[in-house]
Amino acid sequence: MSTQLAAEGRSLSTRAKILIGVGGVIVLFGMLIAGFNILLGPPKLVEVVTMTQDATEADRQALKDACGGLPGITVVPDQGNPSPEIQGRFPVRFDLGHATTSQRIALESCINAHGSKVRGFLAEGDN
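Residues numbered from 1 in each chain as written. Predicted model: local features only at pLDDT ≥ 70, side-chain atom pairs only at ≥ 80, totals over all residues. Heavy atoms only, no water.

S.K.: How would you summarise the sheet that holds strand E1 (residues 45-51) if you had to cite specific residues and measurements?
M.R.: Here we have four strands laid out as an open sheet, ordered E2-E3-E1-E4, and antiparallel in their pairing. At either margin of the open sheet sits one strand with a lone partner, and together these are strand E2 (74-75) and strand E4 (118-125). Two strands pair when backbone bridges link them, and E2 and strand E3 (residues 92-95) are joined in this way by two bridges, in the antiparallel orientation. Among the inter-strand pairings, Val75 is bridged to a residue of E3, identified as Phe94. (Pairing = 2+ DSSP bridges. Helix = DSSP H or I, 4+ residues; strand = E, 2+ residues; numbered from the N terminus.)

S.K.: Describe the packing of helix H3 (residues 57-67) against helix H5 (residues 101-113), listing the residues and the values that go with them.
M.R.: Following both chains from N to C, one finds H3 and H5 inclined at 145°, their axes separated by 10 Å at the closest point. The crossing of H3 and H5 is right-handed. Listed contacts from H5 to Leu63, Ala66 and Cys67 of H3 are Leu107, Cys110 and Ile111. For the contact of H3 with H5, the residue count by class is six nonpolar, no polar and no charged. (Axes fitted to C-alpha atoms, helices over the stretch in contact; angles between N-to-C directions. Left-handed = near helix turned anticlockwise from the far one by under 90°. Contact = heavy atoms within 4.5 Å. Nonpolar A, V, L, I, M, F, W, Y, C, P; charged D, E, K, R; others polar.)

S.K.: Describe in detail the pattern of salt bridges, supporting the description with residues and values.
M.R.: The tally for this structure, following the rule as stated, stands at three salt bridges. Between Asp59 and Lys117 there is a salt bridge, with its nearest N and O atoms 3.8 Å apart. Taken as a pair, Asp59 in helix H3 and Lys117 in the loop between H5 and E4 lie far apart in primary sequence, 58 residues in all. Asp59 gets classed as partly exposed once you look at its relative accessible area, which sits at 21%. With relative accessibility at 25%, the residue Lys117 sits in the partly exposed group. Among the charged side chains, a salt-bridge network with shared partners connects Asp54, Asp59 and Lys117. (Salt bridge = Lys/Arg side-chain N within 4 Å of Asp/Glu carboxyl O. Buried < 20%, exposed > 50% of the residue type's maximum accessible area, 1.4 Å probe, protein only.)

No statement about biological role is implied by the geometric values presented.
Written out as structure tokens, the structure is:
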């Protein structure tokens with residue numbers, strides 16, 4: 001049927017033109033909103049600190065207490081099972097999304113001060 005309409009040279013109805021226009025505006029608006037959220041949103045940067053095999057929940061908490069209160073640094077809360085036996089196996093995460101370079105350096109110095117229980121650390125996310 002669409003080939004017959006094209007062969008006859010019929011133009012689109014006013015209703016069809018309005019629906020296509022509204023659909024185009026919705027798509028464009030959605031793309032603009034998504035783009036602004038990506039460009040203007042805060043960076044998602046997290047410092048992941050892996051603890052040694054013999055580290056306990058008390059060691060993890062000591063690291064969180066010592067380094068999580070630094071300016072520009074926040075501790076990412078643990079997720080999942082809150083049991084210390086379970087959480088003790090996972091790394092400690094610090095949010096660096098709003099931290100300056102000097103604040104990041106201070107965090108790394110704080111982490112290095114706990115060197116006997118820290119296996120390593122790296123930044124994940126936007127750089």
